[in-house]
Amino acid sequence: MNFNYMPAGNLNRSWVFGIDLAHIDGQEASGDGFFRKQEKDSKNIVFFSVGYKF
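Caption draft 1: Focus on the packing of aromatic side chains. Following the criterion strictly, the structure yields two aromatic pairs and no others. Geometrically, the ring pair formed by Trp 15 and Tyr 52 is edge-to-face, given 5.4 Å between the ring centres and 80° between the ring planes. Highlighted residues: Trp 15 in strand S2 (residues 14-24) and Tyr 52 in strand S3 (residues 43-53), separated in sequence by 37 residues. Note on Tyr 52: relative accessible area 37%, which makes it partly exposed. Seen in terms of ring centroids, Tyr 52 and Phe 54 are 5.1 Å apart; in terms of plane orientation they differ by 70°. Their pairing is edge-to-face. Here Phe 54 falls in the exposed class, since its relative accessible area comes to 76%.

Cut-offs applied
Residues numbered from 1 in each chain as written. Predicted model: local features only at pLDDT ≥ 70, side-chain atom pairs only at ≥ 80, totals over all residues. Heavy atoms only, no water. Phe/Tyr/Trp six-rings, centres within 6.5 Å; stacked < 30°, edge-to-face > 60°. Helix = DSSP H or I, 4+ residues; strand = E, 2+ residues; numbered from the N terminus. Buried < 20%, exposed > 50% of the residue type's maximum accessible area, 1.4 Å probe, protein only.

Shown next as structure tokens:
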């Protein structure tokens, strides 16, 4: 999910400020023989971005 804010409007050249929210599913960890693990770790990540739209 992302949210962008453009102070001068969507159709004009301006700065763009954004926040992105992401959920990443973990992958199964593996090992050999007796020590094999099968756990999944998931993470929530927040990205902040600043750019200029020409």
